[in-house]
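Take a look at the letters that make up each chain.
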Amino acid sequence: MKIIKLTFLICFLTSVNSYAQPESESTTSSNAGWFTLGGRSTVSLFDLDGTGLGTGGQFRIQLSNRVNTDWFADYITINMKEGVRSTYYHIGWSVLYYPFEELRYPKLVQPYILAGHCFDYNEKTAINTPSISKSRWGSAIQAGIGAHFNLSKRFDLSLTAQYMIHLTKELEVEQHENGDIHIQDHSHNSLEGHLLATVSLNYKLFRLWKK
Amino acid sequence: MEKVVKPLFILMIGMISATVFSQDIVRTGLVRAQLTISPSYNFSDNTSYFYLHGNAEVYLEKNLSIAGEGFYFLGNLSSENSSFDFNHSLFFGASYHFLKNNNDFYIGIQPGISITKLDNQATNLGTIKTGINPLLSPVLGYNFYVHKVFHFFIQSRLVIGEHNYNLHKSLTEFRFSAGLGFNL
């Protein structure tokens, strides 16, 4: 009975994983050159500012069956407990590596690891006193894991979790006892960051080159 | 009289049903669009607002579509002053469709933004700033394709977001839309 259950489970998982595989392509063909365009939502977690929500977009240029590149922009806002709005603008890029040969496009589930760099702009503004505001430009690096869910030959939904470390002086918010808010530069680089959980919707538009 | 009308009525329903279900209306490349009034319920202030809701959707495959949607703020449904001067929103995302004949159930997810300004009379805050806020919206809906040109639709969505200009206000609300849509 256990063998039957196990066989059924294996058959089910195999059929699910081969669902998105079109007849004309296999994992051995080259996928280099695909240009993919998409939109995304990002939740910012474990940030000293608090939890926030962001909207953005990205395009990808695939370099080989194993390597893809992701070029993104995000707009994230966070409601800080001190009554301050923290707004992040991210613009950057990541390299995606698909480690499992048997789980590459066009398989349904395609896991990856990623790492990259981005420029970030942060602005902190007192919500009820907008004249109290300070901003800074910075740079950051990020790394994480994720998976594409190839729902069709050209369309995928991707989930990514990556930690981003800011390589710059953060803006500090101080709230005095009388309620006054003061925003200032941190005295030194602190390697603070946030975990970014992203859901993105992507469509392969065309191939820039064919190998 | 009833003896004549009843069979005719049954025949008519049968013919319409046969026409509807013999057509393969949902296909790759189908574009559907609609415009309707959409009521909502905001969970933070327990108020119902309503919007002019427009949508355009393209089927990339029979069970997969991408859509762009816009909600134009029209006011609240009660006689009290609205918290918002306006709270428009735009979404772009994808849906996965479960088709059976011309019944089309779907689930989707749409990132978006709101363009929001609080109402000065309701909030007494002086100078009010317009804010652009990120949104995320899971969508659940049903289309019934009755003709190659028309379909009926029902859509519900949860909108998740917050406005942090002048004062903090949650934008999280439930929206419902229904009506007649067009196929191209």
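Residues numbered from 1 in each chain as written. Chains lettered and ligands numbered in written order. Predicted model: local features only at pLDDT ≥ 70, side-chain atom pairs only at ≥ 80, totals over all residues.

S.K.: What should I look at first to understand the overall build of chain B in this one?
M.R.: Counting secondary structure elements, chain B contains two helices and nine strands. Helices and strands appear in chain B in the N-to-C order α-β-β-β-β-β-α-β-β-β-β. Taken over 184 residues, chain B has a buried fraction of 36%. (Helix = DSSP H or I, 4+ residues; strand = E, 2+ residues; numbered from the N terminus. Buried ≥ 20, exposed ≤ 12 C-beta atoms within 10 Å, placed from the backbone.)

S.K.: So what exactly am I meant to see when it comes to the sheet that holds strand 5 (residues 109-126) of chain A here?
M.R.: Adjacent strands of a sheet form backbone hydrogen bonds with each other and so pair up, either parallel or antiparallel. All names here are of chain A. With antiparallel pairing, the eight strands of this closed barrel are ordered in space as 1-2-3-4-5-6-7-10. Direction aside, the axes of adjacent strands within the sheet are offset by 25° on average. Bridge count for strand 5 against strand 6 (residues 129-150) is 18 bridges, and the pairing is antiparallel. By the bridge assignment, Tyr121 is partnered in strand 6 with Trp137. (Pairing = 2+ DSSP bridges. Axes fitted to C-alpha atoms, helices over the stretch in contact; angles between N-to-C directions.)

S.K.: Can you help me understand the nonpolar core in this one?
M.R.: Ranked by internal contacts, the top residues of the largest apolar core, which has 14 residues, are Ile76, Met80, Val84 and Ile127 of chain A together with Leu135 of chain B. Those elements that provide at least two residues to this core are strand 3 (67-80) and strand 4 (84-97) of chain A together with strand 6 (130-144) and strand 7 (150-165) of chain B. For this core, the element with the highest residue contribution is strand 3 of chain A, accounting for three residues. Beyond its immediate chain neighbours, meaning those up to four positions away, Ile76 of chain A contacts Thr42, Ser44, Gly52, Leu53, Gly54 and Tyr88 of chain A together with Pro134 of chain B. In terms of nonpolar packing, the next biggest core, distinct from the first, is built from eight residues, Leu201 of chain A together with Ile66, Ala94 and Val139 of chain B among them. (Core = buried A, V, L, I, M, F, W, Y, C linked by C-beta atoms within 7 Å. Contact = placed C-beta atoms within 7 Å.)

S.K.: Mind showing me how you'd approach the interface of chain A and chain B here?
M.R.: Quoted interface sizes are often the accessible area lost when the parts come together. Opposite the 21 residues of chain A that make contact, chain B presents 25 residues. Listing elements by their share of the side of chain A that touches chain B, those giving two or more residues are strand 1 (34-45), strand 2 (52-62), strand 3 and strand 10 (193-207) of chain A. If one sorts the elements of the side of chain A that touches chain B by residue count, strand 3 of chain A sits on top with four residues. When its residues are assigned to classes, the side of chain A that touches chain B shows 10 nonpolar, eight polar and three charged. (Nonpolar A, V, L, I, M, F, W, Y, C, P; charged D, E, K, R; others polar.)

S.K.: Mind showing me how you'd approach the confidence of the model for chain A here?
M.R.: In low-pLDDT segments, the atomic positions of the prediction should not be examined closely. All names here are of chain A. Across chain A, pLDDT averages 85, with 85% of residues at or above 70. Mean pLDDT values for the elements of chain A range from 45 in helix 1 (residues 2-17) up to 97 in strand 2. Every residue in residues 6-27 scores below 50 in pLDDT, and together they form 18 contacts with partners more than four places removed in sequence or on other chains. (pLDDT = per-residue confidence, 0-100.)

S.K.: What am I meant to see in the pairing of strand 4 of chain A here?
M.R.: Residue and element names in this part refer to chain A. Two strands pair when backbone bridges link them, and strand 3 and strand 4 are joined in this way by 14 bridges, in the antiparallel orientation. When the sheet's bridge partners are listed, Asn68 is paired in strand 4 with Leu96. Remark: three residues form the turn of the hairpin made by strand 3 and strand 4, two consecutive strands paired antiparallel; Gly83 in that turn has positive phi of roughly 80°. The sheet contact formed by strand 4 and strand 5 spans 14 bridges and is antiparallel. Note that in strand 5 the partner of Ser86 across the bridge is Lys124.

S.K.: Sorry, what's going on with the environment of Asn128 of chain A here?
M.R.: Within the secondary structure, Asn128 of chain A sits in the loop between strand 5 and strand 6. The exposure class of Asn128 of chain A is partly exposed, given the 15 C-beta atoms found within 10 Å. Here the alpha-carbon distance between Asn128 of chain A and Val84 of chain A, two residues 44 residues apart in the chain, equals 8.3 Å. Not counting chain neighbours up to four residues away, the residues in contact with Asn128 of chain A comprise Gly83 of chain A together with Asn166 and Leu167 of chain B.

S.K.: Mind showing me how you'd approach the pairing of strand 1 of chain A here?
M.R.: Sheet faces and side chains relate simply in a regular strand, where the side chains alternate between the two faces. Residue and element names in this part refer to chain A. Sheet topology note: the strand 1/strand 10 ladder contains 12 bridges and is antiparallel. Each bridged residue has a counterpart across the sheet, and for Leu45 the counterpart in strand 10 is Leu195. Across 10 bridges, strand 1 lies against strand 2 in antiparallel orientation. Paired with Leu37 across the strands is Phe59, a residue of strand 2. Linking strand 1 back to strand 2 in an antiparallel pair, the connection comprises six residues, with Phe46 at a positive phi of about 55°.

S.K.: In this structure, what is going on with the environment of Asp74 of chain A? I would like to understand it.
M.R.: Residues and elements named next belong to chain A. Residue placement: Asp74 occurs in strand 3. The class for Asp74 is buried, based on 24 C-beta atoms found within 10 Å. C-alpha separation for the pair Asp74 and Gly92, spaced 18 residues apart in sequence, amounts to 9.1 Å.

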